[in-house]
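Notes for the structure review
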Amino acid sequence: MKSVLVFLSGWLLLVIPELLRIYFIMPFPGSQNSDTVSIAYFLHRYILLFRITGVIIIAIPLYRFILSGKWWQKIMVVLLAGFAGIVFYLTTQVMQADKMFLTPHHRIFANVTDNAVNENQLVTGCEINGAASCYPIQIIAYHHKVYDTVGGTPVLITYCSVCRTGRVYSPIIDGKFQDFRLVGMDHFNAMLEDAETKSWWRQENGEAVAGMQKGKFLTELPSQQMTLKAWINRFPQTRIMQPDPDFKKEYASLEGFDYGTINGSLEGTSHNSWEPKSWVIGINIATKSRAYDWMQLKQELLLNDTLNEVPLLLVIEEDLMTFHVWSRIVNENTLNFVKSDSGNVFYDSNTNSTWNYKGECVAGPLSGSKLSILPAYQEFWHSWQQFHPNTSRFSSN
C-alpha cells in the first residue's frame, strides 16, 4: 500500500500542476475571475521541476509494479501513466495559447491599388514619421500580435478579441528588441511573454504583471481604429496588411466580429448598454478614466465632454463604426461642437467654422486649424472596467 501511495503522490505532482498551469491562464469556467496570475506564473516557471520530481517519485514503484506487481496494480499504473501522458500532450501541444493562435506564416502587405481587403472592414492603423500602415482586425484578432516596421520604427500590433481592443506597442525593452509569444489570459485579457526575461505583459495596458519586469510598462505608440475606407481617406499611401492564405479557416471563424454579429460567449456582443459585453469608448487622461457608451454615441454622433480638465470631443462617422476623439482646445480657446445636417461635417458654435472627419477646419474663421487626437479605445465594458476600476461613466444629464 505504501508503494501505491508513493506512486499516486508522484502522479499527482505530474498532473495537477500541469492542469492548473493552463487552467489559470485560459478561459475555463471561473479561471479568469480571480487574481491568480502569480500562481500561474509560479507553476509556469517551475513546471520542469514539478515534472522531474514527479518522475523521480514514481520511478521506483512504477518499476516494481510493472515487474512484479499484482494484476490490478499493473492496470492501475498503465491507466494512470496513460492519463498523465494525455494531460501532458494536451497542456503542451493543444491548450497552450501560442499553439492555438499561431503567428502569421507570411506577412503580406499591399498598397491601395492592389489591396484585396474589403474597405468596410475595421482596421487598427498607425502613422509614424509620415508612413502609415493598417491591420484588419479580423486578421490580428486571430493572431493576437503582429510585428512590423512603420516609418523605420519597429512596432508590435496587438489585439484581444475577448476584450475587443487593440494596442500598438514598441517591442523595444531596455534598448533591446524583444520577441513575444502569446502565453494566455489575465482577467480575459491576452498576456504576452517576452523571450529574454520571460515576464508576462498585459495586452490592454502593456503592464508587466509577472516576472523580472513586473510593474514596468511597454511604450505605447499612437494608433486609431476605423474602417479601412476611412483610413484610406486619411492615408491614401498606406500599406494594408493582407490575409495570410494559410489561415483562411481561422479568419473565417471571426466573420462578423467587426460588427458584433459573431456568436459566442467570449467574442460575442451585447447590444444593450453597460452590460459586460457592451461596447464602450475608453479614454484615460493622467489619473482619470471614463467610459462612453457606444450605443449612445451612435445615437448622438457627437459628444462634448471634459475629463481631468481636458475638454474633448467624441465623433462617430456616418458608417457608424469609425470614431474619433479630439481635444477641443484650438489656439488656446475651448470650442463647443454641434452636429451638422449634412452628416459629413460638424461645426463649432464659437465661430461657426466647419470641420471634417479628419479633424480639419475647412471653412470659417478657424480655417486651416486642426484638432489634436487623443488616445481612445473601443473595448468591451467588462474589460475597461476591470483594468480601470475607478473609471467613471459618461452621462449627458
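About the criteria used
Residues numbered from 1 in each chain as written. Predicted model: local features only at pLDDT ≥ 70, side-chain atom pairs only at ≥ 80, totals over all residues. Heavy atoms only, no water. Core = buried A, V, L, I, M, F, W, Y, C linked by side-chain atoms within 4.5 Å. Buried < 20%, exposed > 50% of the residue type's maximum accessible area, 1.4 Å probe, protein only. Contact = heavy atoms within 4.5 Å. Helix = DSSP H or I, 4+ residues; strand = E, 2+ residues; numbered from the N terminus. Polar contact = N/O pair within 3.5 Å; in protein donor to acceptor, adjacent residues only side chain to side chain. Phe/Tyr/Trp six-rings, centres within 6.5 Å; stacked < 30°, edge-to-face > 60°. Disulfide = S-S within 2.5 Å. Pairing = 2+ DSSP bridges. Salt bridge = Lys/Arg side-chain N within 4 Å of Asp/Glu carboxyl O. Patch = residues over 30% accessible without salt bridge, like charges linked within 9 Å, V, L, I, M, F, W, Y side chains within 5 Å. Areas by Shrake-Rupley, 256 points an atom, 1.4 Å probe, with all protein chains shown as cover.

Nonpolar side chains in soluble globular proteins generally cluster together in the buried interior. Within the largest apolar cluster, 41 residues are counted, with the highest numbers of intra-cluster contacts made by Ile281, Ile283 and Leu314. Sequence-distant contacts of Ile281, defined by excluding residues within four places in its chain, comprise Arg290, Ala291, Tyr292, Trp294, Leu297, Leu314, Phe323, Val325, Ala376, Tyr377 and Gln378. Counting residues in each nonpolar core, the second largest holds 30 residues, with Ile22, Ala40, Ala97 and Cys160 among its members.

Okay, the side chain of Gln138 next. Mapped onto the fold, Gln138 is located in helix 6 (residues 137-143). Here the side chain of Gln138 touches Tyr251 through a polar contact of 2.7 Å, landing on its backbone oxygen. When sequence neighbours within four positions are dropped, the list of residues in contact with Gln138 reads Gln121, Tyr251, Ala252, Leu254, Glu255 and Asp258.

Take the packing of aromatic side chains next. Tallied over the entire structure, the rule returns 21 aromatic pairs. With 6.0 Å between their ring centres and 90 degrees between their planes, Trp294 and Phe323 make a pair best called edge-to-face. Pair noted here: Trp294 is in helix 9 (residues 294-300) and Phe323 is in strand 20 (residues 323-327), with a separation of 29 residues, a long-range link. Take Trp294: its relative accessible area is 2%, and that puts it in the buried class. When its relative accessible area of 6% is taken as the criterion, Phe323 is described as buried.

Glancing now at the state of the cysteines. One pass over the full model with this rule turns up zero disulfides. Not part of a disulfide, Cys163 finds its nearest cysteine sulfur in Cys160, a span of 3.8 Å.

Counting buried positions over the seven residues of strand 2 (residues 122-128) gives six, a clear majority of the element. Of the pairings in the sheet, the one linking strand 2 to strand 14 (residues 224-227) comprises four bridges and is antiparallel in character. Bridge assignment links Val123 to a residue of strand 14, and that residue is Met226. Here strand 2 runs beside strand 3 (residues 131-136); their pairing, made up of six bridges, is antiparallel. Bridge pairing in strand 3 places Val123 opposite Pro136. What sits between strand 2 and strand 3 in their antiparallel hairpin is a turn of two residues, with Asn129 showing a positive phi close to 55 degrees.

This part is about unusual backbone geometry. Note: most residues except glycine have negative phi, and most peptide bonds are trans. We note that Glu309 has phi near 70 degrees; this positive angle belongs to a residue other than glycine. Relative to the helices and strands, Glu309 is located in the loop between strand 18 (302-307) and strand 19 (310-316). Located in the positive-phi region is Asn352, a residue other than glycine, with phi close to 60 degrees. Counting through the fold element by element, Asn352 comes out in the loop between strand 24 (345-348) and strand 25 (354-356).

Next up on the list: the pattern of salt bridges. In total, this model carries 14 salt bridges according to the counting rule given. Across the pair Asp148 and Arg239 runs a salt bridge whose closest N-O atoms are separated by 2.9 Å. Residue Asp148 is located in strand 4 (residues 145-150), and its partner Arg239 is located in strand 15 (residues 239-242); the two are separated by 91 residues in the primary sequence. Judged by its relative accessible area of 30%, Arg239 falls in the partly exposed class. With its nearest N and O atoms 2.8 Å apart, the salt bridge here joins Arg290 to Asp305. Separated by 15 residues along the polypeptide, Arg290 in strand 17 (residues 288-293) and Asp305 in strand 18 bring together distant segments of the chain. When sorted by exposure, Arg290 lands in the same class as Asp305, which is buried. Shared partners join several salt bridges into a network, and the residues in it are Glu18, Arg21 and Arg51.

What follows covers a nonpolar patch on the surface. A surface patch of nonpolar side chains, amounting to about 290 Å² of accessible area, comprises Leu12, Ile16, Leu19 and Leu20. Classification of Leu20 as partly exposed rests on a relative accessible area of 32%.

Let's shift gears to the sheet that holds strand 27 (residues 377-380). By way of backbone hydrogen bonds, the strands of a sheet pair with one another, either parallel or antiparallel. Reading across the sheet, the four strands line up as 27-16-17-28 and stay open at both edges, with mixed pairing between neighbours. Where the open sheet ends on each side, the last strands, each with one partner, are strand 27 and strand 28 (392-393). In this sheet, strand 27 lies alongside strand 16 (residues 279-285) in antiparallel orientation, the contact comprising four bridges. The residue of strand 27 that forms the bridge with Ile281 is Gln378.

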